Every structure is written in structure tokens, then in C-alpha cells.
Amino acid sequence: MRTSEREVVFRVCDYDLAATLTSGQAFRWYQHGDTWEGVIGSHWVRLRSSQDSIIAETARPVTNWEWLTHYFQIHLGLGDVLASFPQDESMNSAVMACHGLRLLQQDPWECLASFILSSTKQIVQIRQIVSLLCKGYGEPVAVPPGHPPAFAFPSPARLAETTEAELRDCKMGFRAPYLLKTARIIATGQLDLDGLRQMSVERARAELLQLPGVGRKIADCVLLFAYGFQSAFPVDVWIMKALRELYFPRRRLSNLRLQRFTETYFGPNAGYAQQYLFHYMRTQRPLMLSKPKAGRSHSAA
DNA sequence: TCAGACCCTCACAG
DNA sequence: ACTGTGAGGGTCT
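Residues numbered from 1 in each chain as written. Chains lettered and ligands numbered in written order. Predicted model: local features only at pLDDT ≥ 70, side-chain atom pairs only at ≥ 80, totals over all residues. Heavy atoms only, no water.

Engineer: Go over the overall build of chain A, please, and point to the residues and values.
Structural biologist: Per the secondary structure count, chain A includes 15 helices and seven strands. Here the C-alpha radius of gyration of chain A, 20 Å, is about what a compact globule of 301 residues would show, namely 19 Å. If one aligns the C-alpha atoms of chain A with their principal axes, the spans along those axes are about 55 × 50 × 45 Å. Sorting the 301 residues of chain A into buried and exposed places 50% on the buried side. Expressed as a percentage of contacts within chain A between residues at least 6 apart in sequence, the contacts between residues at least 24 apart total 67%. In the structure as shown, chain A presents an accessible area of about 15400 Å², 52% of it carried by carbon and sulfur atoms. Considering chain A, the positive charge centre built from 34 side chains and the negative charge centre built from 27 side chains are found 9 Å apart. (Helix = DSSP H or I, 4+ residues; strand = E, 2+ residues; numbered from the N terminus. Rg over C-alpha atoms; globule rule 2.2 N^0.38 Å. Buried < 20%, exposed > 50% of the residue type's maximum accessible area, 1.4 Å probe, protein only. Contact = heavy atoms within 4.5 Å. Areas by Shrake-Rupley, 256 points an atom, 1.4 Å probe, with all protein chains shown as cover. Lys, Arg positive; Asp, Glu negative; His and termini not counted. Charge placed at Lys NZ, Arg CZ, Asp CG, Glu CD.)

Set out below in C-alpha cells:
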């Protein structure tokens with residue numbers, strides 16, 4: 001076995017860490033200069049990436065890095081995934097524009113709770129809410145000397161014993177009762193999140209849909225971002241916009257018809273295809289379609 | 001299938 | 001600067 005180290009280097013190919021961490025699948029990564037800091041489970045991590053490697057640093061020595069390689073899907077080759085995409089102009093443009101974009105494999109509870117908090121919120125606001133939630137109710141994790149404190153994502157049990165008012169103080173608004181009720185369902189074992197791993201994607205989705213605040217979109221986010229069901233295809237306003245503009249510019253299809261289209265057209269790795277279209281729409285397309293923003297005021301200095 | 005409600009925050013006009 | 005307005009990774013009724 002490997003000796004215990006605070007730092008490890010992973011050789012990677014086609015891995016755009018920045019794009020991956022800002023593509024709206026995880027909400028707890030922060031950029032500091034050329035590094036990214038975040039918490040995975042109970043580990044504080046600092047990451048640095050170069051062309052062909054990712055360097056991870058922790059606060060305490062680590063012997064088994066499986067939690068990290070799993071989260072980042074380090075050993076997944078992107079070639080087979082990209083090859084399974086439909087070969088159309090839009091898909092090719094998205095793949096070119098988002099070269100190295102990856103899907104993470106997150107903790108189911110953190111993913112579920114985060115996406116319950118995501119409805120009709122901008123990503124910056126989701127990040128703020130999740131941050132407040134972790135500061136308020138998450139366990140502190142080890143950080144380097146002198147570093148500001150960092151927190152794990154609060155457990156279902158911990159959140160189950162909060163009140164709606166306390167959760168609303170984290171600025172989550174009407175989502176508070178949803179999160180509270182779902183936390184109680186998970187904490188009492190009424191639904192076993194680990195058990196979903198062995199189920200078919202349809203069965204797992206049906207289980208998630210029973211939770212308050214969880215509809216089709218959020219269920220599919222959890223199926224894809226936490227469990228790795230590659231066929232899950234979350235359809236949100238951005239994907240809807242992408243489908244209408246890129247694939248059906250002159251037809252008026254119902255949301256249901258568009259959903260049906262995604263279930264067959266994008267193939268076995270539809271979830272990955274979705275992530276490329278989503279990031280493409282959010283980053284590249286707006287720059288081309290909308291007018292440049294008016295000059296910003298200089299708030300500093 | 002179809003609105004409307006739901007909390008709250010930020011960007012953007014005026 | 002200050003206030004008004006609209007919309008933001010949806011879900012529920």
C-alpha cells in the first residue's frame with residue numbers, strides 16, 4: 001500500500017477542473033488564485049490542476065484516496081462517453097466548447113439537499129444558501145493551520161432536529177419545509193438513500209419523487225450527479241432553451257414531447273450530453289446571442 | 001394540462 | 001445613491 005501523505009498527484013487526460021467545478025453540479029467549491037478549495041465528506045481539499053494532472057492537498061495525511069478518485073471519477077476515460085453522443089452540429093459545438101468537462105459523483109444526501117434548495121434560484125444564491133447551512137449545522141473539518149474553518153455538509157439527522165425558522169434564516173425561503181421534511185424522512189430511515197444504488201433508474205427515481213420538494217428535474221439531478229445513472233437527463237429551463245433553439249427552432253413542442261425526445265436521442269450517456277449542452281448554453285451561447293453588458297461600475301478602489 | 005403561489009436576493013432601470 | 005421591477009437549475013395544489 002501507499003504511505004500516508006498530505007498531497008497526491010493524479011495523471012489525467014481531458015479533465016477541465018474549472019469547468020467541472022463551475023458547471024452547476026456542485027455548489028461548495030471556491031477558487032483561490034489558481035487553486036480550488038472545497039470539502040468532500042469530512043475531508044477539506046485544495047486542488048491544483050495542470051494540463052495532464054490534478055494535485056490534491058488535504059489537511060491531514062491520507063492513506064486511501066478512494067473518496068477523492070471516486071468523487072472526481074479520475075479513472076473514467078472520456079473518449080467512449082463522447083463517442084456515444086449523437087453526431088449533430090449542436091452537440092459537436094458543445095463538446096468543442098466545453099472540452100474536458102466532467103461529471104462528478106457526489107454524496108447522495110448532500111446532492112439531494114442541495115438541489116432541493118436550487119429551485120428557482122441562481123447558482124450564486126444556491127452557493128450562498130448551502131454555505132450558510134454548512135456553517136450553521138455542519139461538523140467542522142480539519143483545515144491547515146491558520147486557515148479559516150471549513151464544515152462538512154450537515155447530516156440528515158442534524159437537519160431533522162432544526163426548525164423551519166432556523167432553516168429560513170439560511171435564506172432558503174419556501175424551500176425550508178421541503179428540506180426539513182425530507183431530512184426527517186431520511187433520518188428516520190423511512191427512505192434509505194444507499195439502497196437506491198442497487199435499483200433500476202426508474203425505481204430509484206420513483207423513490208426520490210416521493211420526497212417533498214423533489215420533482216422530476218431534481219430527482220434526475222440526484223440520479224445523475226450522485227448515483228451515476230448515466231441515462232438520467234435533468235430538464236431545466238436552460239436545457240429546454242437549448243432543445244428549442246438548437247434542435248427545434250421552428251416547431252412548438254410541449255415540454256413533455258421535448259422530455260420524450262431526450263430519453264432516446266442522446267443515447268446511453270444522455271446525462272453527460274446534458275451537462276455539455278447546459279454548460280455550453282450558460283457560457284458560450286449567451287455571449288454570442290445577447291448584447292454585451294453595459295460598462296460596470298468600479299466598486300473597489 | 002395550466003396557472004398561481006411560494007421566499008428571497010440580486011441585477012438592472014429609472 | 002435610492003427605489004421599483006423582474007426573474008432566477010422548480011414543485012405543489
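There's plenty left to go through after this.
Engineer: Quick one: what's the story with the side chain of Thr20, residue by residue and with numbers?
Structural biologist: Assignment of secondary structure puts Thr20 in helix α1 (residues 17-21). Residue Thr20 is classed as buried on the basis of its relative accessible area, which comes to 1%. Contacts of Thr20, omitting those with residues within four sequence positions, involve Tyr15, Gln25, Gly100, Leu101, Arg102 and Leu104.

Engineer: Describe the layout of surface pockets, listing the residues and the values that go with them.
Structural biologist: Computed from the structure, the largest pocket encloses a volume of approximately 560 Å³. Here the element with the most residues in the lining of the largest pocket is helix α11 (residues 216-225); it accounts for five residues. If you add up the space inside the second largest pocket, you get close to 380 Å³. Forming the walls of the second largest pocket are 18 residues, and the residues nearest its centre are Arg28, Tyr30, Ser131, Pro149 and Ala150. Among the secondary structure elements, those contributing two or more residues to the lining of the second largest pocket are β2 (30-32), β3 (35-40), α6 (123-137) and β7 (150-151). (1 Å grid on protein atoms, 1.4 Å probe; cavity = no way out; pocket = protein on both sides within 12 Å on 5 of 7 lines; lining within 4 Å. Points joined across faces, edges and corners; volume = space filled by probe spheres on them.)

Engineer: Before we move on, could you go through empty space enclosed by the protein and cite the residues and values that matter?
Structural biologist: Tallied over the entire structure, the rule returns one cavity of 30 Å³ or more. Each pocket or cavity is described by its volume, and for the largest cavity that value is around 30 Å³. Residue lining of the largest cavity: Gln25, Ala26, Phe27, Arg28, Gln106, Glu110 and Ser114, and that is the complete set.

Engineer: Can you break down the environment of Asn255 residue by residue, with the values?
Structural biologist: Turning to its location among the elements, Asn255 is positioned in helix α13 (residues 255-265). The class for Asn255 is partly exposed, based on a relative accessible area of 46%. Sequence separation between Asn255 and Gly136 is 119 residues, and the spatial gap between their C-alpha atoms is 38 Å. For Asn255, the side chain forms a polar contact with the side chain of Arg244, separated by 2.7 Å. (Polar contact = N/O pair within 3.5 Å; in protein donor to acceptor, adjacent residues only side chain to side chain.)

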